[in-house]
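Each chain, letter by letter, is given below.
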Amino acid sequence: MNTTIADPRLSGRAVRRVVLTEEAIAKRVCELGGDITASYPEGELLVLGLLKGSFIFLSDLVRQIRRPLQVDFLVAASYGDGVVSSGNVRLLYDPETELAGKHILLVEDIVDTGRTLSRLLDLLQARNPRSLEICALLHKHVASELRYPTRFLGFDAPNEFLVGYGLDHAENFRHLPYIASLQ
Ligand code: PRP
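Below is a short write-up of the structure.

Rules behind the numbers
- Residues numbered from 1 in each chain as written.
- Predicted model: local features only at pLDDT ≥ 70, side-chain atom pairs only at ≥ 80, totals over all residues.
- Heavy atoms only, no water.
- Helix = DSSP H or I, 4+ residues; strand = E, 2+ residues; numbered from the N terminus.
- Buried < 20%, exposed > 50% of the residue type's maximum accessible area, 1.4 Å probe, protein only.
- Contact = heavy atoms within 4.5 Å.
- Areas by Shrake-Rupley, 256 points an atom, 1.4 Å probe, with all protein chains shown as cover.

### Some words on the overall build of the chain
Step number 1: Scanning the chain from terminus to terminus reveals three helices and nine strands.
Step number 2: The N-to-C order of helical and strand elements in the chain reads β-α-β-α-β-β-β-α-β-β-β-β.
Step number 3: A burial count over the chain gives 50% of its 183 residues as buried.
Step number 4: In the chain, the proportion of contacts linking residues at least 24 apart, taken out of those at least 6 apart, comes to 65%.
Step number 5: For the chain, the exposed area adds up to about 8,800 Å²; of that, 51% sits on carbon and sulfur atoms.

As structure tokens, this is what we get:
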């Protein structure tokens, strides 16, 4: 049974439930920032945000990392306007920053099938980083194809279509400060 949350940002669209509140996300992002800070005692750290979905998570996360770092972005697209991952990953923007010799932390909003990350990590590994790790806010744990572990993880996610805090449906709902299930 769908319910309509009284939030003008939803324009009356029914969402099933709030999965993660703004407060829960903020607390976990703070913890992740602490873990990441402790995990990189030395060396150059490049935080690579995978657009567009990671833009809010990345901006909150880097402010909780208490060590020098650089930020750049990747743009890939795997979903169209539907709710099922197509598996077609296109690289639309390549980071201009030098990757060789740096600790690379790839920041992703959600790991679903894992196809996006598998493809990107193969590509990034070929550029000889000092280390290459994934930080994902959400993980559905259905990714049979993902050959790389998620070193830093915010939350296990239900296998539902999630929106908010950067996640979209047909480019809508990215600006919600919480994460909700649309189904
Ligand atoms: C979504 C999401 C992840 C990816 C996860 O991105 O933000 O990047 O799909 O799916 P996967 O694990 O099945 O590959 P999308 O392509 O919708 O682009 P967006 O980040 O611009 O929303």
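After that view, the rundown keeps rolling.
### Remarks on unusual backbone geometry
Step number 1: Of note, the amide linkage connecting Leu-51 to Lys-52 takes the cis form, showing an omega dihedral of 0°.
Step number 2: Along the polypeptide, Lys-52 turns up in the loop between β2 (45-51) and α2 (55-62).
Step number 3: Even without a glycine there, the phi angle at Ala-170 is positive, about 50°.
Step number 4: Note that Ala-170 resides in the loop between β8 (162-163) and β9 (179-181).
Step number 5: The class for Ala-170 is partly exposed, based on a relative accessible area of 29%.
Step number 6: Look at Glu-171: it is not a glycine, yet its phi comes out positive at around 75°.
Step number 7: Among the structural elements, Glu-171 can be located in the loop between β8 and β9.
Step number 8: We classify Glu-171 as partly exposed; its relative accessible area is 43%.

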